[in-house]
Amino acid sequence: TAGSNEPAAPGVIVTKEGYLYLKPNANWLKDGARFAAYFFENGETWVSMKDLGNGYYEVQKPTSKSYPKVIFCRMNPGATANNWNNKWNQTADLTVPTDDKNLYTVKENTWDKGGGTWSKKDQF
């Protein structure tokens, strides 16, 4: 468990401090999409998300400064640059949680700004 010295069970991914996690819906996973996070409202920056291989994606929150808002984006896998031209779909403008919530789950059967929920996950 988080904060303990016990090793995680084999195949278990323990969530990390300073990271956000994304659980795309089935629509968003189609066509080999990749994912990126757009942090904003204190300047702006794009960060590519890492595929954890289990249906979840992670992104480290920028450490250079604090961004209060984030948009998770479904990106064109044929383009490596993170920008609005390469975005296929996006969440609404989301407030980065300041509590212990770290996972955003995109609502099933939605595409753009279709809703979703924040929750807390310690491991996957």
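Numbering of residues starts from 1 in every chain and runs along the sequence as written. Owing to the predicted nature of the model, reporting of local features is limited to residues with pLDDT of at least 70; listing and counting of side-chain atom pairs is limited to 80 or more, with chain, interface and lining totals taken over all residues. The side-chain numbers reported here are obtained from all heavy atoms of the structure, hydrogens and water having been left aside.

(A) Fine view of the pattern of salt bridges. When a carboxyl oxygen of Asp or Glu is within 4 Å of a side-chain nitrogen of Lys or Arg, the pair counts as a salt bridge. One pass over the structure, following the stated rule, counts three salt bridges. Between Lys-16 and Glu-58 there is a salt bridge, with its nearest N and O atoms 3.2 Å apart. Separated by 42 residues along the polypeptide, Lys-16 in the segment before β1 (19-23) and Glu-58 in strand β5 (residues 57-60) bring together distant segments of the chain. Note on classification: 1.4 Å probe, protein chains only; a residue is buried when its accessible area is under 20% of the maximum for its type, exposed when over 50%, partly exposed between these limits. The class for Lys-16 is partly exposed, based on a relative accessible area of 37%. Only DSSP runs of H or I reaching four residues or more are called helices, and only runs of E reaching two or more are called strands; each is numbered from the N terminus.

(B) Inspection of the environment of Asn-42 at higher detail. Mapped onto the elements, Asn-42 comes out in the loop between β2 (34-40) and β3 (44-48). Its relative accessible area of 34% is what places Asn-42 among the partly exposed residues. Residues Asn-42 and Lys-107, spaced 65 residues apart in sequence, show a C-alpha to C-alpha distance of 27 Å. Residue contacts follow a heavy-atom distance rule, with two residues in contact if any of their heavy atoms lie within 4.5 Å. Apart from residues lying up to four places away in sequence, Asn-42 is in contact with Lys-65, Ser-66, Tyr-67 and Pro-68. Each polar contact in these results corresponds to two N or O atoms within 3.5 Å; when the atoms are within protein, one needs to be able to donate a hydrogen and the other to accept it, and residues that are neighboring in sequence are counted only if both atoms are side-chain atoms. Polar contacts involving the side chain of Asn-42 include one to the main-chain carbonyl oxygen of Ser-66, which spans 2.7 Å.

(C) Local environment of the sheet that holds strand β9 (residues 103-106). An order of β4-β5-β1-β9-β10 is seen for the five strands of this open sheet, with the pairing classed as mixed. At either end of the open sheet lies a strand with only one pairing partner, and these are β4 (50-51) and β10 (116-119). In this structure, β9 lies alongside β10, joined through four bridges in antiparallel fashion. When the bridges of β10 are listed, Tyr-104 appears paired with Trp-118. Should DSSP find at least two bridges between two strands, the strands are taken to pair.

Functional significance is not addressed by these values, which are geometric in nature.
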